[in-house]
Structure formats: structure tokens, C-alpha cells
Amino acid sequence: MHKLADIDNLKTLARRISLVENGAPGYEQLLEQLPAGSNTRVVGITGPPGAGKSTLVNLLIQTLLEQQKRIAIIAVDPSSPFNFGALLGDRIRMSQHFNDHRVFIRSMANRGALGGLSPKIIEVSDVIKAAGFDYLFIETVGVGQSEVEIAGIADTTVVVVVPEAGDEIQTMKAGLMEIADIFVVNKADRDNADAFVKNLRLLSAEKHHAQTGWQIPVLKTIATRNEGIAPLIQAIDQHQQQISHNERHAVLLAEKAWQLIQHRRMQQLDKKALIQKVREQLQHGHFNLYKLVNDYSA
């Protein structure tokens, strides 16, 4: 088998990702043959719905393409509880980049994962990293505080918020504040944006990463006017350089291993079969949620 690092054919990469996503025979051997190191910069883009994450990612792609970079994007979409598929399409959100051979875009359904990420996101991101991209952006579904899972996967986590989030600043301090490596206040031309940025900078000054000495920057962008993108890329690169050889790398790898072990232990559970089991018990009139859970946990 060819090393993934030598593959330029995006269709081949897509097939290998499908192999991993579906857990098809041979996928574990594929993963075990991945090279140990990668120069791909993995960047998580997260934040509440409506913050403009997709628009921001589009502009990051555009700017990096001008710098002759190769870019991959994983867009994590909400799953339908009825068909278990991705409801939002990458062709819709990023259609202007879809046919560019320097860009690889993949939508993944989160399939009900509590962290907002697909259970296969770690394996898929590693397959993509092995293909030699300069950047891999993971844009998450945007479900708020439960989305801390991104911090265990991305090397750099960018939290995108808008000035209207000012009323939720204390909630953010307890939630998204904990995972941010970089804060982006998008739509910074709105009212109260400067006051919000000032307050956020005061909070972020208290939350610098002790292991790395990294001081969390708070940047302003206006994605609709393509403003603030270059400073954001510069901050991402600075953070990546600072974390490349420190203790946090081991912590991130351990977190990935922890999540993979959890996911693989859950593989024996079939959600569709579970739904059928619930239906049968409801029909017989003796359904008890906790008895069902205990039966599956035994």
C-alpha cells in the first residue's frame, strides 16, 4: 500500500476516509500504517450558532490559497435522528472552493456525539494529515459549552463569538473560555463590540495556559468585509509554533487515545437496534429506561 503522504489523488483520499468512517475491513491496518509525524496544522473552529464560523473559514481558505497552501476542511454537521446523515452539505457552504484541487472538503455527521463531533473524527483527521496538507480546519456544529471535545483533537482551538454574546460572558468563562487558544470576535462592526472585546481580553488575561505560557489573544474580524483574517492566520501560526514541542502535545495525544478507546468500546452498540428494542418494549407495555440501560451496560 502506498503511503498516504505520497497521495495527491483526492478521490483516493475520499475513499480511504469512507473506509475508516464505515469501519470497513482493513481500516485498522490502514490507520496503523499512518506515518508517526505530520506538519499539518490542525485548527478547530468552534463557537455558538450564528457567529459566522463558515464565512470565516471560507475567508481563511481564500487567504491561504493565495499563499499557495494546501487546505483540508472537515465540516461537522448535525445528524438527523431519523436517517443518521449529514443535514448540511459542504457543496452549499463552501461551493466556491469545491473544485479547487488544493482544497479537500469533507462533511461528517456528528451522529449524536455529545461533544458535537463525529466518533470517527480523530481517525479521519489523521488520515487527512497523512496526505500532506498544510492546514486542516475542523469546523464544528456549534452546540455551545458541550463542544469541549474539539480541544482534545485540534492543536489550536479558535472560538468565534459575536458582540451580542456579552450577556453570556460569565457562562463563557466557565465553558468556552476553558478551551480557547484564540478568541475571535466576529461582526466587530456591531454596537458594543469594543466594550465586549475589552471585557473578553480582561478575562482571557486570567486564563493564559500555564504549561505553554501562551496568552490567549482576542482578535476582531468582520468576515463580510474580509477584515482581520491576516492577523488571525498569524496568531494561529504563532500558537502552533509555540506548542509544537511541549508537554501539551503528550496531553493531546493521551486525550485522543482516551476518546478512541471510549468510541471503540461503544461500537458493540447499534443505535438502530436500540430504537427497535425500545419500540418492542413500548408495544408490550413494560418499558423502563433504566432497566434497558442496565441491560446494555451489563
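Keep in mind it's a predicted model, so treat the numbers as computed, not measured.

Visitor: Break down the overall build of the chain for me, citing the residues and quoting the values.
Guide: A tally of regular secondary structure across the chain gives 11 helices and seven strands. Of all 298 residues assigned to the chain, the portion counted as buried reaches 48%. Residue pairs at least 24 apart in sequence account for 75% of intrachain contacts in the chain once pairs closer than 6 positions are excluded. As displayed, the chain offers around 15600 Å² of accessible surface, 51% of which is attributable to carbon and sulfur atoms.

Visitor: For the pairing of strand E1 (residues 41-46), give the residues involved together with the corresponding values.
Guide: The element E1 is extensively covered by neighbouring structure, given that five of its six residues are classed as buried. Where E1 and strand E4 (residues 135-139) come together, five bridges link them in parallel fashion. When the bridges of E4 are listed, arginine 41 appears paired with tyrosine 135. Taken together, the four bridges between E1 and strand E5 (residues 156-161) define a ladder with parallel strand orientation. Along E5, the bridge assignment pairs valine 43 with threonine 156.

Visitor: Can you tell me about the nonpolar core, naming the residues and giving the values?
Guide: In this structure, Ile74, Ile128, Phe137, Ile138, Val158, Ile182 and Leu232 are the most contacted members of the largest nonpolar core, which totals 68 residues. Considering each element in turn, this core owes the most residues, seven residues, to helix H3 (residues 53-66). Apart from the residues lying within four places of it in its own chain, the contact partners of isoleucine 128 are Leu13, Ile17, Ala72, Ile74, Phe104, Phe133 and Leu136.

Visitor: Hey, could you go over the confidence of the model for the chain for me, with residue numbers and the actual values?
Guide: Looking at the chain as a whole, the pLDDT averages 79, with 75% of positions reaching at least 70. Per-element confidence in the chain is highest for strand E7 (residues 218-220), whose mean pLDDT is 96, and lowest for helix H4 (residues 90-93), whose mean pLDDT is 46. Throughout residues 1-7 the model reports pLDDT below 50, and contacts reaching past four residues in sequence, or to other chains, amount to 15 contacts. Confidence drops under a pLDDT of 50 for residues 79-92, and excluding neighbours within four residues, the segment shows 31 contacts in the predicted structure.

Visitor: Could you give an account of the side chain of lysine 129, naming the residues involved and the relevant values?
Guide: If you trace the backbone, lysine 129 turns up in helix H5 (residues 121-129). Aside from chain neighbours lying at most four places away, what touches lysine 129 is Ser38, Thr40, Val42, Leu136 and Lys256.

Visitor: Any chance you could break down unusual backbone geometry for me, citing the residues and the numbers?
Guide: Located in the positive-phi region is lysine 187, a residue other than glycine, with phi close to 55°. Residue lysine 187 is classed as partly exposed on the basis of its relative accessible area of 23%. Although it is not a glycine, asparagine 226 adopts a positive phi angle of roughly 60°. Checked against the element boundaries, asparagine 226 lands in the loop between E7 and helix H8 (229-243).

Visitor: I'd like a description of the packing of H3 against H8, backed by residues and values.
Guide: Look at H3 against H8: their axes get within 10 Å of each other, and the N-to-C directions meet at 80°. With respect to H8, the axis of H3 lies roughly perpendicular. Across from Leu56, Leu59, Leu60, Thr63 and Leu64 in H3, the residues of H8 making contact are Ile229, Leu232 and Ile233. Along the lines of polarity and charge, the residues of the contact of H3 with H8 split into seven nonpolar, one polar and no charged.

Visitor: Give me a nonpolar patch on the surface: which residues, what numbers.
Guide: A surface patch of nonpolar side chains, amounting to about 500 Å² of accessible area, comprises Leu282, Phe287, Leu289, Tyr290 and Val293. Broken down by element, the nonpolar patch gets its largest block of residues, three residues, from helix H11 (residues 289-297). Along the chain, tyrosine 290 turns up in helix H11.

Visitor: Summarise helix H1 (residues 10-21); cite the residues concerned and give the values.
Guide: If you check H1, its first and last C-alpha atoms are 16 Å apart, about what 12 residues at 1.5 Å a residue would give, namely 16 Å. Taken residue by residue, H1 has Thr12, Leu13, Arg16, Ile17, Val20 and Glu21 as its buried positions. Residues of H1 that are buried sit in contact with helix H2 (27-32), strand E3 (103-109) and H5. Just downstream of H1 lies glycine 23, where phi reads positive at about 60°.

Quick notes on the rules
- Residues numbered from 1 in each chain as written.
- Predicted model: local features only at pLDDT ≥ 70, side-chain atom pairs only at ≥ 80, totals over all residues.
- Heavy atoms only, no water.
- Helix = DSSP H or I, 4+ residues; strand = E, 2+ residues; numbered from the N terminus.
- Buried < 20%, exposed > 50% of the residue type's maximum accessible area, 1.4 Å probe, protein only.
- Contact = heavy atoms within 4.5 Å.
- Areas by Shrake-Rupley, 256 points an atom, 1.4 Å probe, with all protein chains shown as cover.
- Pairing = 2+ DSSP bridges.
- Core = buried A, V, L, I, M, F, W, Y, C linked by side-chain atoms within 4.5 Å.
- pLDDT = per-residue confidence, 0-100.
- Axes fitted to C-alpha atoms, helices over the stretch in contact; angles between N-to-C directions.
- Parallel < 35°, antiparallel > 145°, perpendicular 65-115°, else oblique.
- Nonpolar A, V, L, I, M, F, W, Y, C, P; charged D, E, K, R; others polar.
- Patch = residues over 30% accessible without salt bridge, like charges linked within 9 Å, V, L, I, M, F, W, Y side chains within 5 Å.
- Salt bridge = Lys/Arg side-chain N within 4 Å of Asp/Glu carboxyl O.
- Expected span 1.5 Å × (residues − 1).

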